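Now for the letters of each chain:
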Amino acid sequence: MTHLFDVTVIGSGLVGSSLAIALQHSGLTVALVEAAPPPLREQPREDERNLALARASTTALQTLGVWPRLTGTATPIRRIHVSRAGEFGTLRLDAARAGVDSLGAVVPARALAAALQQELDLCTRIHRYVPAQLRDLRVSADRVELNLQTPDGETTIATRLLVGADGTASQVRALTGIGTDTIDYAQTLFVCSLLPQRPLDGLAYERFSDTGPLALLPLADRRAGFVLSVPTPEAAAVAALDDAGFLAHAQQRFGWRAGRFSRPGRRSAHPIRRVVAQGLTAPRCVLVGNAAQTIHPIGAQGFNLGLRDALTLAELLIERHRGGGDAGSDALLQTYAARRREDREGTLAFSHGLVQLACNPARVLAPLRSLGLLLLDGLPDAAGGIARRGMGFRGATSAYALGVRP
Ligand SMILES: Cc1cc2nc3c(=O)[nH]c(=O)nc-3n(C[C@H](O)[C@H](O)[C@H](O)COP(=O)(O)OP(=O)(O)OC[C@H]3O[C@@H](n4cnc5c(N)ncnc54)[C@H](O)[C@@H]3O)c2cc1C
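All of the points below concern the structure found in this document. (Residues numbered from 1 in each chain as written. Predicted model: local features only at pLDDT ≥ 70, side-chain atom pairs only at ≥ 80, totals over all residues.)

**A few points about the sheet that holds strand β7 (residues 104-108)**
Paired through backbone hydrogen bonds, the strands of a sheet run either parallel or antiparallel to each other. How we decide: Pairing between strands is defined by DSSP: at least two bridges between the two strands are required. Secondary structure counts use DSSP, requiring at least four H or I residues in a row for a helix and at least two E residues in a row for a strand, with both numbered from the N terminus. Interaxial angles span 0 to 180 degrees and are taken between N-to-C directions of axes, which are lines fitted to C-alpha atoms, for helices over the stretch in contact.
The strand order across the open sheet formed by three strands is β3-β7-β4, and the pairing between neighbours is antiparallel. In the strand order of this sheet, the two ends are held by β3 (50-54) and β4 (75-77), each with one partner. Pairs of neighbouring strands in the sheet enclose a mean axial angle of 30°, with direction left out of account. Note that β4 and β7 share three bridges and pair antiparallel. For I77, the partnering residue across the bridge sits in β7 and is G104.

Here's what the structure looks like:
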């Protein structure tokens, strides 16, 4: 007999895993389907991303029980320095002046993935299909039937609500006929860690230039996460540089504010495209995270935004379940889309506008606030409120981000 779940999440990336963990004590029957074979403790080896997380995200991860697993790995951001190559103006933000101990934190994406998987391993109520790839689906009045490909052959499960947390090339999105709007930014981001001569000590740099943004983020052990944006036609030449050549290029683009760069780690390269779903829902289906919107990493908003998708959905599902309702009802889908609209549209517009401004030599100060504004989002004080409004973050803050499990 086909197993029927209340909620099935396709994709156990950063966002899908967070959603499943948030639903662990909900009383809902939940399945999590992930195509990549275990162990999923490590992202692919070539992934050297370091994620800047807003305070709202770190608080939410704390509420989910994930954050303590990152003790010693997460590095608080206490100050931010934003500048533009060839311009004198700088913007400085300081946690102490905002009345908080940190503006956010930096975590290696691999460490966050590992922490989420460790927490998931304790979530015995979540039924995991790993590795299993969603191949096909059939929507009927009261359920969605899912065809999964596993190493042992095909299997079918059914669900009241299907959640597409399956990333930029979402199969859920394609199979439910939700279209996308795509922009190729013609930029490639190189990321790696390195050792700056001057310890960053909680200081994050964001630097804009005509050829794209750069960032230097504080990491543990005095190291720094470096992000270098390169126009895609030049990416092959940068990828071919040896460590010494890459360091020289990085130094020339970033300058000497943090002293001489040395000891670069492995590099990973990420071509940057924006892929935005034209809708967040289809009958008995919702999208979250990169499946819903993949945006330019400038301003460090992708996971922060995707986590807010997941937490909003978790809250709605828990609320609905307590009232005895159907997890895949039209009413729930509509409420989810409505609750995400303001935050999503505001962040999408901000992110795209920032890319255009950041690479436009005629505009100076407007882009100089992205990381700062992002990290101030979620602060409980007036500065946070101003920053949130400035970024269009007017959506309701999730209970998880306030430290409360709904
Ligand atoms: C260079 C770079 C820097 C970034 N920096 C930041 C930052 O500082 N701060 C920030 O907030 N964000 C940042 N981001 C964005 C962030 O990394 C993403 O938004 C986030 O990782 C998206 O997670 P996700 O779970 O939605 O998608 P994914 O991580 O893509 O996960 C999707 C999962 O679904 C699985 N899957 C796919 N198809 C199927 C299928 N058919 N069946 C079963 N499983 C399937 C995949 O195997 C995968 O595990 C950055 C991104 C880049 C590229």
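**Observations concerning the site of the ligand**
We count it as follows: Working rule for contacts: place C-beta from the backbone, and if it is within 6 Å of a molecule or strand, that residue counts as near it. Just so you know the grouping, Ala, Val, Leu, Ile, Met, Phe, Trp, Tyr, Cys and Pro go in nonpolar, Asp, Glu, Lys and Arg go in charged, and all remaining residues, Gly too, go in polar.
Around the ligand lies a shell of 32 residues, among which G11, G13, G167, G289 and G302 are the nearest. Every element with two or more residues in the shell around the ligand is listed here: α1 (14-23), β3, β9 (133-139), β12 (180-196) and α7 (302-322). Top contributing element to the shell around the ligand by residue count: α7, with four residues. Of the residues belonging to the shell around the ligand, the class tally is 15 nonpolar, 14 polar and three charged.

**What about the pairing of strand β15 (residues 224-231)?**
To keep it simple, the criterion reads: Using C-beta atoms placed from the backbone, we call a residue buried if 20 or more other C-beta atoms fall within 10 Å of its own, exposed if 12 or fewer do, and partly exposed for counts in between.
Of all eight residues in β15, seven are buried; the element is thus mostly enclosed. Here strand β14 (residues 214-218) pairs with β15 via five bridges, running antiparallel. Directly across from L214, in β15, lies its bridge partner L228. The antiparallel hairpin formed by β14 and β15 contains five residues in its connecting segment, where D221 sits at a positive phi of about 60°.

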